[in-house]
Amino acid sequence: MLWLLFVLVTAIHADLCQPDAENAFKVRLSLRTALGDKAYAWDTNEEYLFKAMVAFSMRRVPNREATEISHVLLCNVTQRVSFWFVVTDPSRNHTLPAVEVQSAIRMNRNRINNAFFLNDQTLEFLRIPSTLAPPTDPSVPIWIIIFGVVFCIVIVATMLLILSGIRQRRRENKGPSEMEDTEDKWENTITIENGIPCDPLDMKGGHVNDAFVTEDERLTPL
Amino acid sequence: MDEARPLWATPLQFVFACISYAVGLGNVWRFPYLCQMYGGGSFLVPYIIMLAVEGMPLLYLELAVGQRMRQGSIGAWRTISPYLSGVGVASVVVSFFLSMYYNVINAWAFWYLFHSFQDPLPWSVCPLNGNRTGYDEECEKASSTQYFWYRKTLNISPSIQESGAVQWEPALCLILAWLLVYLCILRGTESTGKVVYFTALLPYCVLMIYLVRGLTLHGATNGLAYMFTPKVEQLANPKAWINAATQIFFSLGLGFGSLIAFASYNEPSNDCQKHTVIVSIINSSTSIFASVVTFSIYGFKATFNYESCLNKVILLLTNSFDLEDGFLTVSNLEEVKSYLASAYPSKYSEVFPQIKNCSLESELETAVQGTGLAFIVYTEAIKNMEVSQLWSVLYFFMLLMLGIGSMLGNTAAILTPLTDSKVISSYLPKEAISGLVCLVNCAIGLVFTMEAGNYWFDIFNDYAATLSLLLIVLVETVAVCYLYGLRRFESDLKAMTGHALNWYWKAMWGGVSPLLIISLFVFYLSDYIITGTLQYQAWDASQGQLVTKDYPPYALAITGLLVASSTMCIPLGALGTFIVRHLKRGDTASVA
């Protein structure tokens, strides 16, 4: 009698959990890809942990706090490793709607991944899209900061060059008048030798020799 | 002469200026493509022959003219013959067009350089879509590098008719690029002479580093083997020879007037024959060197893509047949495939259409040139290297140096005739003239930062310089040899430098080079005429790939205007001089 009941229960369970059944989801794990040599073997204990994680996720949904590990059914485990699972209600006759299971898994995806040392790509829930991490967006884009630095350097260097060019040109314009100043200064410094002032050529009394005309006027411009 | 002409501080600065101008982006992104298309190692044969027959003689001619005449292009050609003032003006017009669009490349290099300081690199990941369940649609269909280039950098519109608005980010980068160029040319040879030490030498440092890195990459040997295996049958293909000639011609930057401008700041006794040989050999060796680097990177990228393709196939089969994870490897893939085909025929035939045929050859054969190579293919390779930020920064810094070096030559070609002209230089100081030229170029260059800007860029890149330059250099060679007189020029050079002119140069200038240019000119003209309506590649965002479209009539009109405005200067200049002389003769005749 008990044996008959057991067979009946497993039969009903088997009906509920089947590939492509209503509200069933396929899970795919890639242990060797993720962990390489440290990959653990997928056995019934790992399956138990999986059922526990799914039950945990469902318990966090309002109105589903009574979900137990035995309500989660696994079937069709392959070598891949892949299997199908469903979550039943307390009466074990109906499966919970796919939408609820989907949102529960999405909310707790990180916890489930970490329990198995896997990530979104190596522990796949088909038909349950994962929420992708948004890229870190700093308040000021980095490139503008670097642009600003380079821009300021170039502007400052340009200003410096322009200003020094203007100053040089102004000095050249003042050139002829400055030349006379230096000559006067030269006259005023009296050379001293052995404490006795020498008398250099008497420049102060210099006159312009009209017979010797300066070059500027005589030569015709080219 | 009232004022001493500014000179290069040392002859080395002159050589560096020429190298920095000639070694530009074309060496990095055009030569490897040509090498790949026209027979790998065997392309070097036409390339070297054209270098000896066309490149060196024409380069020597321009440098000799500039050094002898000691003026910019307009003045130099007017001195040779008053009817040739149009040639100088045509050179200036072409240089003006070139500098307008060339600096946009520097702006893009700046953009990528500034974005290289992030982790992860922005072109290595796709942005997320609206509800964060997947990636942006356009990015999925294309690749993340293509998406970053077409959407984030250019924000390209679907066709040339839809101009869109000026994008402020590339516009800022363009303004920065022009400010940098202005800073470098501000004081004429004084500032340019110091900058060229950097722009000439730094790219070689980066290329050396990349060579070492490239050769140690996994799969680099595949690319190198592919490139250097000569396909000797390509030697019989006339296109190989034409492209070799064209590449040498444009790579050395002949006809723009920049070389004349640089040489005009030389001491008259400078040995420009030696410098010609040095500059042209360095230019060509840089091309070959850069293509070794490029092909090792190609090999790495192709191997990486090939292995990802294989991994995707493995994953597909593993998932469809629920095989044990890790059972399928690259080595047993084929036998397992045949086993599965026989054991589960129906299921296998379902999966079969999705299985891509991965081939290393087809990955290597994707030949790209131009901005596509620099900003899409290279960035794709860089994102897969370790410490990709460092490689990215180095690479775009090198592109920037190459671009700025060429811009110095371009702006020198425009500024030297302007500063030589007594009318303009008496009103404005040198700094103001440079500033005005940069400002005008920058303002017009903002057109290329619009959404359809890249399409206009392609028009300028393909048509602004090609035909005009061939014509200009042809007229130059014929003028010096036959109008001015080869013997007269020879004695000028002998008096100036002290060396006699080698018979080789005379033979080339007199006969071979003009014939080559004429044949190139005829080929290109007939090519344009035969192809009929011109077409362009437009980016289709919905498909995530390039589609071919026809140019609208106004774009064709502008293209024609571009070519005409520079080529027409030559006959118009001659006509103008003829009319002025005729009028003067008429006046003096009437006065007398």
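Residues numbered from 1 in each chain as written. Chains lettered and ligands numbered in written order. Predicted model: local features only at pLDDT ≥ 70, side-chain atom pairs only at ≥ 80, totals over all residues. Heavy atoms only, no water.

Asks: What am I meant to see in the pairing of strand β2 (residues 545-550) of chain B here?
Replies: Taken residue by residue, a regular strand's side chains alternate between the two faces of the sheet. Residues and elements named next belong to chain B. Pairing between strand β1 (residues 535-540) and β2: 6 bridges, direction antiparallel. Residue pairing for β2: Gln535 is matched across the bridge by Asp550. Counting the residues in the hairpin turn of β1 and β2 gives 4 residues, including Gly544, whose phi is positive at 75 degrees. (Pairing = 2+ DSSP bridges. Helix = DSSP H or I, 4+ residues; strand = E, 2+ residues; numbered from the N terminus.)

Asks: Is there a simple way to explain the interface of chain B and chain A in this structure?
Replies: Frequently, the measure chosen for interface size is the accessible area that the parts lose on association. If you look at the interface, chain B gives 33 residues, while chain A gives 35 residues. When chain B packs against chain A, the two sides together hide about 3000 Å² of surface, and 65% of this comes from carbon and sulfur. On the chain B side of the contact with chain A, Phe114, Asp322 and Asp325 of chain B bury the most area, a combined 21% of that side's loss. Across the chain B-chain A interface, the total number found is 3 salt bridges. With its nearest N and O atoms 3.7 Å apart, the salt bridge here joins Asp322 of chain B to Lys26 of chain A. Those elements giving two or more residues to the side of chain B that touches chain A turn out to be α6 (85-115), α9 (168-185) and α14 (272-321) of chain B. For the side of chain B that touches chain A, the element with the most residues is α9 of chain B, which contributes 10 residues. Residue composition of the side of chain B that touches chain A, grouped by class: 19 nonpolar, 7 polar and 7 charged. (Contact = heavy atoms within 4.5 Å. Buried area = accessible area lost by both parts, 1.4 Å probe. Salt bridge = Lys/Arg side-chain N within 4 Å of Asp/Glu carboxyl O. Nonpolar A, V, L, I, M, F, W, Y, C, P; charged D, E, K, R; others polar.)

Asks: Help me understand the UniProt feature "binding site: Na(+)" (unreviewed entry) in chain B, please; the structure alone is not making it clear to me.
Replies: Residue and element names in this part refer to chain B. Residues annotated in UniProt with the feature "binding site: Na(+)" (unreviewed entry) correspond here to Ala22, Val23, Asn27, Ser251, Asn283, Leu402 and Ser406. Look at the named residues: they lie 385 residues apart in sequence, but the longest C-alpha span between them is just 12.7 Å, so in the fold they bunch up. Along the polypeptide, Ser251 turns up in helix α12 (residues 238-251). Setting aside residues up to four positions removed in sequence, Ser251 forms contacts with Ala22, Asn27 and Asn283. Considering the arrangement of structural elements, one finds Leu402 in helix α19 (residues 388-420). Excluding residues that lie within four positions of it along the chain, Leu402 makes contacts with Ser20, Val23, Gly24, Leu25, Val28 and Pro203. (UniProt positions renumbered as here; feature names shortened; annotations may be inferred.)

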